[in-house]
Amino acid sequence: MKNLPLNPKIFIQNRQRFIKKMKPNSIAIFNSNDEVPSNGDALYRFQQNSDLFWLTGIEQEDTMLVLYPDNPDPKYREVLVLVRPNEMKEKWDGKRLRAQEGKDISGAAAVLWLDSLDGLLQQWIHLADTIYLNTNENDRKASLIQTRDYRFVQDMQSRYPLHQYERSAKIMREVRGIKTKEEVEVVKTAIDITHKAFCG
């Protein structure tokens, strides 16, 4: 873990703030960043998508979040998606989160494994009218690298061409710019730690 444990209430509130801005009967899907190879089978240190982290607190690769507040099945209105742990792979790649650990960190009620998502996601999308997809809308820098978010947008629009699409980034820019009381406390703690590091 790269930071002190955070209160899952932060991420629960953040998801609620995003959901309040969604259109009726819409679904929002967020992806983790890619793992980036450095050379051969080596990878650069993984850096989570900041929007996904803000919504879940999960720093692990191959993670998704699906928000569908009008899902007829209440248990799938907010779903954290994790890669299924494999003990053999963990010997090489390190430990992966178990379902309960994902719930404890994010406060999400439901956790699905990535390899079981496709069938359910298709059902939910068929029920929804609007799909919110995330991209990195940065006014100061454009990147030529096609990230997972942009590949996912292309895939979704190809598979579901008749749906209405909306940009999650417009909502994220608005809600992330205003900090909750709990977020302000975390920022103050980080400042205190930095101050102590410099002043010793």
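Use the structure listed above.
Read on for an overview of the structure.

About the criteria used
Residues numbered from 1 in each chain as written. Predicted model: local features only at pLDDT ≥ 70, side-chain atom pairs only at ≥ 80, totals over all residues. Heavy atoms only, no water. Core = buried A, V, L, I, M, F, W, Y, C linked by side-chain atoms within 4.5 Å. Buried < 20%, exposed > 50% of the residue type's maximum accessible area, 1.4 Å probe, protein only. Pairing = 2+ DSSP bridges. Helix = DSSP H or I, 4+ residues; strand = E, 2+ residues; numbered from the N terminus. Axes fitted to C-alpha atoms, helices over the stretch in contact; angles between N-to-C directions. Contact = heavy atoms within 4.5 Å. Phe/Tyr/Trp six-rings, centres within 6.5 Å; stacked < 30°, edge-to-face > 60°. Parallel < 35°, antiparallel > 145°, perpendicular 65-115°, else oblique. Nonpolar A, V, L, I, M, F, W, Y, C, P; charged D, E, K, R; others polar. Expected span 1.5 Å × (residues − 1). Polar contact = N/O pair within 3.5 Å; in protein donor to acceptor, adjacent residues only side chain to side chain. Salt bridge = Lys/Arg side-chain N within 4 Å of Asp/Glu carboxyl O.

### Considerations on the nonpolar core
Right, on to step 1. Of all hydrophobic cores here, the largest spans 21 residues; its most connected members are Ile27, Ile29 and Trp124.
Right, on to step 2. Counting residues in hydrophobic clusters, the runner-up holds 13 residues, among them Phe30, Leu52, Trp54 and Leu55.

### Overview of the sheet that holds strand β6 (residues 110-113)
Right, on to step 1. Pairing within the open sheet is mixed, and its six strands lie in the order β6-β5-β4-β1-β7-β8. A single partner strand is all that each edge strand has here, and the edge strands are β6 and β8 (164-167). Neighbouring strand axes in the sheet, compared pairwise and without regard to direction, differ in orientation by 25 degrees on average.
Right, on to step 2. Judged from the four bridges that link them, strand β1 (residues 26-31) and strand β7 (residues 130-133) form a sheet pairing that is parallel. In the sheet register, Ile29 faces β7, and the bridge partner there is Leu133.
Right, on to step 3. With respect to the sheet, helix α6 (residues 148-159) is in contact with β1, β4 (64-67), β7 and β8, its orientation differing from that of β1 by roughly 145 degrees.
Right, on to step 4. Sitting on the sheet, helix α7 (residues 168-176) touches β1, β7 and β8, and the angle it makes with β8 is about 30 degrees.

### Thoughts on the pairing of β6
Right, on to step 1. Burial along β6 is two-sided: the face carrying Ala110 and Leu112 and the face carrying Val111 and Trp113 are both buried.
Right, on to step 2. In this structure, strand β5 (residues 78-82) lies alongside β6, joined through four bridges in parallel fashion. Note on β6: the bridge partner recorded for Leu80 is Val111.

### Quick notes on the packing of aromatic side chains
Right, on to step 1. Overall, the coordinates contain four aromatic pairs when judged by the stated rule.
Right, on to step 2. Residues Phe11 and Phe53 carry aromatic rings whose centres are separated by 5.9 Å and whose planes lie at 75 degrees to one another, so their mutual orientation is edge-to-face. Of this pair, Phe11 sits in helix α1 (residues 8-19) while Phe53 sits in helix α2 (residues 50-56), and the two are 42 residues apart along the sequence.
Right, on to step 3. Using a relative accessible area of 22% as the deciding quantity, one classes Phe53 as partly exposed.
Right, on to step 4. Ring centres of Tyr76 and Trp124 lie 5.2 Å apart, and the angle between their planes is 45 degrees; this geometry places the pair in the tilted category. In this pair, Tyr76 sits in the loop between β4 and β5 while Trp124 sits in helix α5 (residues 117-127), placing the two residues 48 residues apart along the sequence.
Right, on to step 5. Looking at Tyr76, the relative accessible area reads 17%, which means it is buried.
Right, on to step 6. Aromatic ring contacts, followed pair by pair, group Phe18, Phe30 and Tyr132 into a single cluster.

### Concerning the packing of α1 against helix α4 (residues 99-106)
Right, on to step 1. Their axes nearest at 6 Å, the elements α1 and α4 cross at an angle of 75 degrees. Relative to α4, α1 is oriented roughly perpendicular. Seen from α1, the contacting residues are Pro8, Phe11, Ile12 and Arg15; seen from α4, they are Asp104, Ile105 and Ser106.
Right, on to step 2. A class-by-class count of the residues in the contact of α1 with α4 yields four nonpolar, one polar and two charged.

### Some words on α1
Right, on to step 1. Here α1 contains 12 residues, and its C-alpha end-to-end distance of 17 Å stays within 8% of the 16 Å for a straight helix at 1.5 Å per residue.
Right, on to step 2. Measuring from the side-chain oxygen of the N-cap residue of α1 to the backbone nitrogen of Lys9 gives 2.9 Å; that N-cap residue is Asn7.

### Section: the side chain of Asn31
Right, on to step 1. Topologically, Asn31 is positioned in strand β1.
Right, on to step 2. Discounting chain neighbours no more than four positions away, the residues touching Asn31 are Asn49, Leu52, Thr63, Met64, Arg148, Asp149 and Phe152.

### So, the pattern of salt bridges
Right, on to step 1. Counting across every chain of the model gives 17 salt bridges.
Right, on to step 2. Where Arg148 meets Asp62, a salt bridge forms, and the shortest distance between an N and an O atom there is 3.4 Å. Taken together, the positions of Arg148 in helix α6 and Asp62 in the loop between α2 and β4 put the pair 86 residues apart, joining distant regions of the chain.
Right, on to step 3. For Asp62, a relative accessible area of 21% puts it in the partly exposed group.
Right, on to step 4. Salt bridges linked by common partners bring Asp34, Asp62, Arg148 and Arg151 together as one network.

Read these as layout, nothing more, since geometry by itself doesn't imply function.
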